[in-house]
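For reference, the chains in residue letters:
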Amino acid sequence: MKRALTPGTFDPITSGHLDIITRAAQLFDEVIVSVAASAGKNPLFALGERTALAREVTAHLPNVRVEPFSGMLVDFARQMDAQVVIKGLRAITDFEYEFQMAALNEQLDRGIETMFIMSPPQYMYLSSSVVREIASLHGDVDLFVPPVVADALRRRFGAAEQS
Ligand code: PNS
């Protein structure tokens with residue numbers, strides 16, 4: 001069985017993430033959306049909330065499951081018996097960071113292959129951080145995240161003040 005991980009902080013999961021996960025699910029027998037604790041990034045949503053949102057938005061994909069993890073990605077991949085790590089690649093700015101992680105993970109465990117899936121044009125400049133910023137300013141995030149995530153962001157930041 002070919003099993004792939006799609007790791008990330010998913011703070012929160014966006015439509016861009018969902019696009020990559022859906023395409024990975026067409027290529028592998030099983031995909032594990034691996035939600036990193038990423039405590040150093042001081043996430044807006046707790047690990048349990050990020051995991052629950054990722055589960056809700058991928059519930060329709062039968063060969064996808066969502067698991068939280070803390071610690072090293074290569075250790076988690078071994079624990080899950082996954083051979084491949086899938087990352088989405090957006091604009092050129094992603095390359096340096098993603099290549100660094102792929103190279104380090106390859107050094108740490110030669111048995112794990114990192115593969116990249118290009119983001120489609122409409123999600124090229126989408127990131128969880130811009131979604132959080134738009135939501136914090138009470139902007140409309142409906143174009144960028146699935147409806148349950150938009151609701152969670154609205155609850156987190158409250159309704160826009162009337163002036
Ligand atoms: O969505 P993100 O925050 O860009 O995802 C980054 C993530 C979670 C994939 C990366 O930080 C990671 O793999 N974290 C686990 C800890 C680890 O293995 N660090 C060493 C990577 S070389």
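If you're wondering where the values come from, they're calculated on a predicted model, not measured in any experiment.

K.L.:
Would you mind going over the site of the ligand with me for this structure?
P.N.:
Near the ligand there are 14 residues, and of these T9, A36, K41, G71 and L73 occur at the shortest range. For the ligand, an oxygen atom lies 2.6 Å from a polar atom in the side chain of T9. Measuring from an oxygen atom of the ligand, one finds a backbone N or O atom of L73 at 2.8 Å. Protein burial of the ligand: of its 550 Å² of free accessible surface, 77% is covered by the chains. A per-element tally of the shell around the ligand places helix 4 (residues 93–108) first, with 4 residues. When grouped by side-chain class, the residues that make up the shell around the ligand number 8 nonpolar, 4 polar and 2 charged.

K.L.:
Would you explain the sheet that holds strand 3 (residues 64–69) in this entry?
P.N.:
Whenever strands of a sheet pair, they do so through backbone hydrogen bonds, lying parallel or antiparallel. Read across the open sheet, the 5 strands follow the order 3-2-1-4-5; overall the sheet is parallel. Two strands in the sheet have a free side with no partner beyond their single neighbour: strand 3 and strand 5 (113–118). Neighbour-to-neighbour, the strand axes of the sheet open up by a mean angle of 30 degrees, direction not taken into account. Here strand 1 (residues 3–8) runs beside strand 4 (residues 84–89); their pairing, made up of 2 bridges, is parallel. Counterpart to L5 in the pairing with strand 4 is V85. With respect to the sheet, helix 2 (residues 47–58) is in contact with strand 2 (30–36) and strand 3, its orientation differing from that of strand 3 by roughly 175 degrees.

K.L.:
Any chance you could explain the pairing of strand 5 here in plain terms?
P.N.:
The two faces of a sheet get side chains in turn, since along a regular strand they alternate between them. Judged from the 6 bridges that link them, strand 4 and strand 5 form a sheet pairing that is parallel. Looking at the pairing, I86 lines up with M115 of strand 5.

K.L.:
How should the pairing of strand 1 be read in this particular structure?
P.N.:
Counting buried positions over the 6 residues of strand 1 gives 6, a clear majority of the element. The alternating pattern of strand 1 places R3, L5 and P7 and A4, T6 and G8 on opposite faces, both of which are buried. Where strand 1 lies against strand 2, 6 bridges are found, and the strand directions are parallel. Following the sheet pairing, R3 is matched in strand 2 by E30. Taken together, strand 1, helix 1 (residues 15–27) and strand 2 constitute a β-α-β crossover, and its handedness is right-handed.

The rules behind these values
- Residues numbered from 1 in each chain as written.
- Predicted model: local features only at pLDDT ≥ 70, side-chain atom pairs only at ≥ 80, totals over all residues.
- Heavy atoms only, no water.
- Near = heavy atom within 4 Å.
- Polar contact = N/O pair within 3.5 Å; in protein donor to acceptor, adjacent residues only side chain to side chain.
- Areas by Shrake-Rupley, 256 points an atom, 1.4 Å probe, with all protein chains shown as cover.
- Helix = DSSP H or I, 4+ residues; strand = E, 2+ residues; numbered from the N terminus.
- Nonpolar A, V, L, I, M, F, W, Y, C, P; charged D, E, K, R; others polar.
- Pairing = 2+ DSSP bridges.
- Axes fitted to C-alpha atoms, helices over the stretch in contact; angles between N-to-C directions.
- Contact = heavy atoms within 4.5 Å.
- Buried < 20%, exposed > 50% of the residue type's maximum accessible area, 1.4 Å probe, protein only.
- Right-handed = clockwise from strand over helix to strand, strands pointing away.

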